[in-house]
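Take a look at the letters that make up each chain.
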Amino acid sequence: QVQLVESGGGVVQAGGSLRLSCAASGGTFSRYAMGWFRQAPGKEREFVAHINRAGILINYADSVKGRFTISRDNAQNTVYLQMNSLKPEDTAVYYCAARQGLVSIRVSSYDNWGQGTQVTVSS
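Since we're looking at a predicted model, the values are computed, not measured. Counting from 1, residues in each chain are numbered in the order their sequence is written. Only residues with pLDDT of 70 or above have their local features reported here, since the model is predicted, and side-chain atom pairs are shown and tallied only from 80 upward, although totals for entire chains, interfaces and linings are computed over all residues. The side-chain figures draw on all heavy atoms in the structure; neither hydrogens nor water molecules are used.

Participant: Summarise the overall build of the chain; cite the residues concerned and give the values.
Facilitator: Elements are defined by DSSP. Helices are runs of H or I of four residues or more, strands are runs of E of two residues or more, and each kind is numbered from the N terminus. In terms of regular secondary structure, the chain is built from zero helices and eleven strands. For the chain, the N- to C-terminal ordering of α and β elements is β-β-β-β-β-β-β-β-β-β-β. For the radius of gyration, the atom set is restricted to C-alpha positions; the globular benchmark scales as 2.2 Å times the number of residues to the power 0.38. Its C-alpha atoms give the chain a radius of gyration of 13 Å, within 12% of the compact-globule value 14 Å for 123 residues. Going through the 123 residues of the chain one by one, you find that 46% of them count as buried. Residues count as neighbours in contact if any of their non-hydrogen atoms are within 4.5 Å of one another. Pairs at least 24 residues apart make up 59% of the contacts formed inside the chain by residues separated by at least 6 positions. Of the roughly 6,200 Å² that the chain leaves accessible, carbon and sulfur atoms contribute 47%. Residues scored as charged are limited to Lys and Arg (positive) and Asp and Glu (negative), so that His and the chain ends carry no count. For this purpose, a charge sits on NZ of Lys, CZ of Arg, CG of Asp or CD of Glu. For the chain, the centre of its 12 positive side-chain charges and the centre of its 8 negative side-chain charges are spaced 5 Å apart. Working definition: with a 1.4 Å probe on protein chains only, accessible area under 20% of the residue-type maximum means buried, over 50% means exposed, and in between means partly exposed. Only the protein chains shown count as cover for residues, and the accessible areas themselves come from Shrake-Rupley with a 1.4 Å probe.

And the structure:
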């Protein structure tokens, strides 16, 4: 099992940027497809972005496409989420997740999760 720790969350004004990081340990990072998900108060956890093991296959939720960028550094065992042009509706706890095998947009497909990092976007 791989352990995941997110960082980089905070409070930012609308239109601002944040960069989230997710550091992995305890496993061979390059064997895992990685995803970012988020959960706003009173809502279900939702897919944000994913990246495959080689960092080639990438997909985004429509709500963040063109504003967010996912990337990974297998040498540093870290996946990133660069978030630009943030909107108040981006406010949520952001989680990174890992699974062996192919990427997926489904929450239930991932069996390794971080503790989450809060992102708050003020208007």
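Participant: An account of the layout of surface pockets is requested, with residue identities and associated values reported.
Facilitator: Here the largest pocket is characterised by a volume of approximately 160 Å³. Grid points spaced at 1 Å over the protein atoms alone were grouped into cavities, where a 1.4 Å probe fits but cannot get out, and pockets, open sets with protein on both sides within 12 Å along at least five of seven lines, with lining residues defined by an atom within 4 Å of a point. As for the largest pocket, its lining consists of Arg38, Gln39, Ala40, Lys43, Glu44, Glu46, Pro88, Glu89, Thr91 and Ala92. Classes in brief: Ala, Val, Leu, Ile, Met, Phe, Trp, Tyr, Cys and Pro nonpolar; Asp, Glu, Lys and Arg charged; the others, Gly included, polar. Taken together, the residues of the lining of the largest pocket break down into three nonpolar, two polar and five charged. Grid points are joined across faces, edges and corners, and a volume is the space filled by probe spheres set on the points.

Participant: Before we move on, can you summarise the environment of Ser104 with the specific residues and values?
Facilitator: Here Ser104 shows up in the loop between strand 9 (92-100) and strand 10 (112-113). In this structure, the C-alpha to C-alpha distance between Ser104 and Val93, residues eleven residues apart in sequence, is 20 Å. Here Ser104 is in contact with Phe37, Phe47, His50, Arg99, Ser109 and Tyr110, once residues within four sequence places are set aside. The definition of a polar contact used here is a pair of N or O atoms within 3.5 Å, where within protein one atom must be able to donate a hydrogen and the other to accept one, and adjacent residues in sequence count solely through side-chain atom pairs. Engagement of the side chain of Ser104 in a polar contact is seen with the backbone nitrogen of Arg106, the distance being 3.0 Å.

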